[in-house]
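Next come the chains, spelled out residue by residue.
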There are 2 protein chains.
Amino acid sequence: MNRILLSAVLAALLSLPATAAPKPNVVIVFCDDLGYGDLGCYGHPTIRTPNLDRMAAEGMKFTNFYSAAEVCTPSRAALLTGRLPIRTGMCSDTKRVLFPESAGGLQQSEITIAEVLKAQGYATACIGKWHLGHLPEFLPMKQGFNSFFGLPYVNDMDRVADKGPKGRAAFFEPKVEYWNVPLMRGEKIVERPADQRTLTKRYTEEAVEIIRANKQKPFFLYLAHTMPHVPLFASKDFAGKSPRGLYGDVVEELDWSVGEVLKALREEKMDKNTLVVFTSDNGPWLTFFDHGGSAGPFREGKGSTFEGGFRVPGIAWWPGTVPAGVTTQEMVGTMDLFVTAARLAGGTVPDDRPIDGYDITPVLTGKGPSPRDTTYFYRGTKLYAVRLGPWKAHFITQVAYGKGGPVLHDPPLLYHLGKDPGETTDVAKDNAAVIAKLKDAVAKHSAGMVPGEPQLEKQLR
Amino acid sequence: MNRILLSAVLAALLSLPATAAPKPNVVIVFCDDLGYGDLGCYGHPTIRTPNLDRMAAEGMKFTNFYSAAEVCTPSRAALLTGRLPIRTGMCSDTKRVLFPESAGGLQQSEITIAEVLKAQGYATACIGKWHLGHLPEFLPMKQGFNSFFGLPYVNDMDRVADKGPKGRAAFFEPKVEYWNVPLMRGEKIVERPADQRTLTKRYTEEAVEIIRANKQKPFFLYLAHTMPHVPLFASKDFAGKSPRGLYGDVVEELDWSVGEVLKALREEKMDKNTLVVFTSDNGPWLTFFDHGGSAGPFREGKGSTFEGGFRVPGIAWWPGTVPAGVTTQEMVGTMDLFVTAARLAGGTVPDDRPIDGYDITPVLTGKGPSPRDTTYFYRGTKLYAVRLGPWKAHFITQVAYGKGGPVLHDPPLLYHLGKDPGETTDVAKDNAAVIAKLKDAVAKHSAGMVPGEPQLEKQLR
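Bear in mind that the values here come from a model prediction, so they are computed numbers and not experimental data.

A word on the interface of chain A and chain B. Listed by partner, the interface residues are 30 residues for chain A and 30 residues for chain B. Classifying every residue of the side of chain A that touches chain B by side-chain character gives nine nonpolar, 14 polar and seven charged.

Here we take up the pairing of strand S8 (residues 219-224) of chain B. Within a regular strand, the side chains alternate between the two sheet faces. All names here are of chain B. Of all the six residues making up S8, six are buried; the element is thus mostly covered by neighbouring parts of the structure. Side chains of S8 alternate between two faces, with Phe-219, Leu-221 and Leu-223 and Phe-220, Tyr-222 and Ala-224 buried alike. Pairing between strand S1 (residues 25-31) and S8: five bridges, direction parallel. Pairing of Val-27 across the sheet is with Leu-221, part of S8. Here strand S4 (residues 123-128) pairs with S8 via six bridges, running parallel. In the sheet register, Ala-125 faces S8, and the bridge partner there is Leu-221.

So, about the domain arrangement of chain A. All names here are of chain A. As far as domains go, chain A holds domain 1 (3-14 + 23-371) and domain 2 (376-447). The C-alpha centroid of domain 2 is placed 27 Å from the C-alpha centroid of domain 1. The interface is formed by 23 residues belonging to domain 1 together with 16 residues belonging to domain 2. Of all the elements in the fold, those that place two or more residues in the side of domain 1 that touches domain 2 are helix H4 (85-88) and helix H9 (307-310). Per element, the largest residue contribution to the side of domain 1 that touches domain 2 is three residues, and it comes from H9. Taken together, the residues that form the side of domain 1 that touches domain 2 break down as nine nonpolar, seven polar and seven charged.

Moving on to the relation of the copies chain A and chain B. Structural alignment of chain A on chain B gives an RMSD of 0.0 Å, achieved by rotating through 180 degrees and translating 0.0 Å along the axis. In symmetry terms, the pair is related by a two-fold rotation axis.

All names here are of chain B. Spatially, four strands are ordered S13-S14-S15-S16 in an open sheet, and the strand pairing comes out antiparallel. The two strands at the open ends of the sheet, each matched to only one other strand, are strand S13 (374-379) and strand S16 (407-416). With direction set aside, neighbouring strand axes in the sheet form an average angle of 20 degrees. Where S13 meets strand S14 (residues 382-388), six bridges bridge the pair, whose relative direction is antiparallel.

Glancing now at the sheet that holds strand S13 (residues 374-379) of chain A. Residue and element names in this part refer to chain A. Across the sheet, which stays open at both edges, the four strands sit in the order S13-S14-S15-S16 with antiparallel pairing between neighbours. Edge positions in the open sheet fall to S13 and strand S16 (407-416), since each of these has one partner strand only. Averaged over all pairs of adjacent strands, the angle between their axes in this sheet comes to 20 degrees, without regard to strand direction. Bridge count for strand S15 (residues 391-397) against S16 is six bridges, and the pairing is antiparallel. Paired with His-394 across the strands is Leu-413, a residue of S16. Against the sheet, helix H12 (residues 432-447) touches S13, strand S14 (382-388), S15 and S16, its axis set at about 130 degrees to S14.

Another point: helix H11 (residues 432-447) of chain B. Residues spaced three or four apart along an α-helix face the same direction, because each turn holds 3.6 residues. A rise of 1.5 Å per residue sets the reference length of H11(B), with its 16 residues, at 22 Å; its end C-alpha atoms lie 22 Å apart and thus fit the reference within 8%. The buried fraction of H11(B) amounts to one of the 16 residues, a small share that puts the element mostly on the outside.

Residue and element names in this part refer to chain A. Taken N-terminus to C-terminus, the directions of helix H2 (residues 50-58) and helix H8 (residues 246-267) make an angle of 50 degrees; their axes are 7 Å apart at the nearest point. With respect to H8, the element H2 is oriented oblique. Note on element contacts: H8 touches H2 through Asp-255, Trp-256, Val-258, Gly-259 and Leu-262, opposite Pro-50, Asn-51, Leu-52 and Met-55. Grouping the amino acids of the contact of H2 with H8 by side-chain chemistry returns six nonpolar, two polar and one charged.

Reading guide: rules and limits
- Residues numbered from 1 in each chain as written.
- Chains lettered and ligands numbered in written order.
- Predicted model: local features only at pLDDT ≥ 70, side-chain atom pairs only at ≥ 80, totals over all residues.
- Contact = placed C-beta atoms within 7 Å.
- Nonpolar A, V, L, I, M, F, W, Y, C, P; charged D, E, K, R; others polar.
- Buried ≥ 20, exposed ≤ 12 C-beta atoms within 10 Å, placed from the backbone.
- Helix = DSSP H or I, 4+ residues; strand = E, 2+ residues; numbered from the N terminus.
- Pairing = 2+ DSSP bridges.
- Domains from an automatic or database assignment.
- Least-squares fit on C-alpha atoms with pLDDT ≥ 70 in both.
- Axes fitted to C-alpha atoms, helices over the stretch in contact; angles between N-to-C directions.
- Expected span 1.5 Å × (residues − 1).
- Parallel < 35°, antiparallel > 145°, perpendicular 65-115°, else oblique.

Structure, rendered in structure tokens:
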């Protein structure tokens with residue numbers, strides 16, 4: 001956001017009384033295309049995730065944790081701003097995500113978690129995939145982050161035309177040199193092509209450094225892993241080790257990474273004062289066969305507004321504050337992390353714009369239910385589906401990727417996600433009153449919706 | 001088995017030196033038609049299983065745990081004898097399971113876990129569903145159990161013709177009086193129709209009594225729940241409570257039951273000396289829609305030789321002996337419980353007959369790999385598929401229930417269960433050497449196979 005507006009908003013935030021307790025650190029580990037079913041603690045039979053399983057055993061595992069979009073750019077914009085992508089213009093019906101030739105990005109008028117927490121005295125670090133605009137004015141340090149180490153966009157972009165097999169075949173024999181994607185530190189490119197084999201390892205080392213460097217000051221760490229988005233790469237310690245093949249290697253390395261982060265927090269005696277949330281930006285990319293993950297019991301995956309596109313693993317850890325060994329069905333979403341982090345830091349959320357997140361502290365502390373009872377499922381700029389309580393209505397459906405335009409449903413397809421989490425049995429005809437209620441929620445939601453200026457169609461050339 | 005043969009075999013068993021340590025108690029909790037994906041700790045999004053999740057956190061969760069058959073009767077015969085159903089005659093291509101009009105059952109010449117452990121001084125109790133023959137000569141007390149409290153066969157048998165809607169509709173408005181199934185104590189019917197709403201509760205109370213009554217003597221408890229086999233019934237404390245509907249109510253009551261069993265063991269300070277194993281007799285009965293469970297990421301369910309028919313939840317708990325919080329991919333099966341229980345009790349396994357189980361103590365104690373590297377998938381009397389290491393070959397497949405005869409595959413369908421646990425992608429054409437190895441295993445296995453006298457076709461009338 002620009003400085004003048006930022007000052008005004010932050011002045012309002014700062015006028016709140018500071019909390020007496022030391023401000024907790026906040027770590028968000030955000031994976032790319034990791035599916036609900038990809039972890040041991042979510043039932044995967046052949047991917048070994050002992051660190052995440054232990055994190056869940058020491059913390060809280062969510063079974064109704066939602067990403068805010070079906071693909072990457074909008075999902076990330078929403079997590080960092082607490083706002084639906086439609087409001088920030090960070091979605092599109094034609095482009096879906098930002099590309100190297102994109103000229104748009106997250107506007108400086110948007111307020112990120114990093115900005116809110118920085119105003120509360122937090123050190124802030126962005127490690128990993130950004131994907132909210134790669135032009136100088138959109139990079140992480142323009143959005144409240146003190147530092148950035150990672151990729152400006154996706155690891156499958158900047159494909160080198162004359163290297164490797166054509167089309168998708170390149171993804172199945174992934175070589176670093178097939179993709180000329182840049183690795184950045186701050187606003188500078190420090191490696192190109194990025195050696196993707198060691199990204200998870202280097203991100204992790206950077207994360208541990210950030211943790212150890214911030215013992216005297218609260219910090220916010222946004223660790224947005226590049227993996228397990230295709231093309232898949234694992235370091236030599238993990239490559240070829242998982243029974244699940246390369247995808248398993250990659251997830252097992254992410255699991256190792258989480259273990260290192262939690263270990264550093266414990267060693268520095270910061271574990272009792274740090275909230276760590278582990279989740280994913282959308283469901284698994286199923287069209288990549290065994291290079292894509294598993295949506296577990298859910299229908300479809302990345303790109304879809306069925307549950308497999310939005311329902312993601314979610315684990316919260318904060319020894320002594322988040323109760324241990326709890327599995328919760330409370331409905332929460334990535335946008336709630338904005339509001340929750342702001343509150344935990346002693347700040348508040350901006351009141352000059354609609355915010356779609358909720359404070360889920362009651363859930364995290366085991367003291368109450370989630371204030372969230374509704375989730376809106378947009379694909380690009382259009383609302384395709386809505387969930388209210390256990391009911392989900394699909395007004396539009398569409399093939400996640402490839403041919404096939406939107407299909408309108410009136411009455412909508414209706415599923416009871418409690419009894420039928422796999423969205424197998426449309427029960428619209430017996431539940432007219434439920435549909436009326438869902439339609440009412442949509443009408444109210446849509447009536448107040450002011451779309452942001454579209455950012456994803458803007459082109460450099 | 002008959003007394004003379006029993007004496008001879010047991011004399012051999014008793015000649016072994018007794019172990020110095022106190023003999024551990026053994027509890028097997030065996031659910032009916034519970035699917036791999038039905039528990040929180042296996043990723044189910046809406047069934048709440050805090051007790052089983054805690055059991056897994058305090059013990060070992062298996063992701064490669066196999067039932068020995070795709071349906072009930074053969075699966076139970078195999079668990080109790082450590083022998084494939086084909087060897088005991090407890091399988092059939094026409095009947096699949098025993099019925100009220102069946103005249104066959106588990107032969108007295110077979111040796112059960114109860115018999116082996118009784119010979120080692122164990123008290124033995126069978127609670128729940130038997131389904132290995134309901135004529136007097138086949139009941140649990142003829143197979144080494146001191147006591148029996150439960151149903152002689154399945155809770156959907158003895159359908160009362162003039163009550164309720166015809167056909168499957170009756171299952172969806174389950175009323176106790178639609179099924180005239182008997183509840184037995186010892187060899188006597190004590191209630192008919194059994195009040196199925198309170199079966200889980202009463203089985204649990206009986207199990208807790210058995211535990212409390214055996215503080216001075218090692219015991220073997222076989223707690224074979226009737227649920228969640230259709231028709232589903234939950235007690236009033238659970239009915240209508242689960243977001244997953246009636247199926248969820250039923251599984252949540254089973255979870256409560258496990259909690260009560262573990263609590264009793266803790267209260268009596270027997271937890272450090274008791275191995276508890278929780279598992280299921282086969283996969284979920286998918287044709288019953290939301291009255292059936294979830295196979296999680298696996299293909300098909302009960303009745304099928306795809307993984308969904310055989311891969312079941314498996315949790316082992318023995319504080320201080322089974323390491324806590326471990327998820328293992330070691331391949332084990334219900335038949336291994338026969339051998340393992342015999343060894344733990346200081347007995348040994350009969351050497352006068354083929355035994356298909358292995359001693360999985362090394363896995364349970366975290367000290368070594370599983371001795372099992374192969375699983376045979378029979379449907380009735382025919383071998384349909386084999387797994388060796390990560391590879392599974394299907395020589396025959398068939399629709400689990402309903403129309404459609406066996407389909408022969410040559411070359412077999414081949415799946416790599418590590419990379420492709422969902423059996424989605426046949427890789428036979430690139431793996432001729434693997435297929436040769438699997439065919440070799442099958443040839444050796446089948447060459448030594450002596451089928452037992454068929455028991456399931458024998459009819460009373």
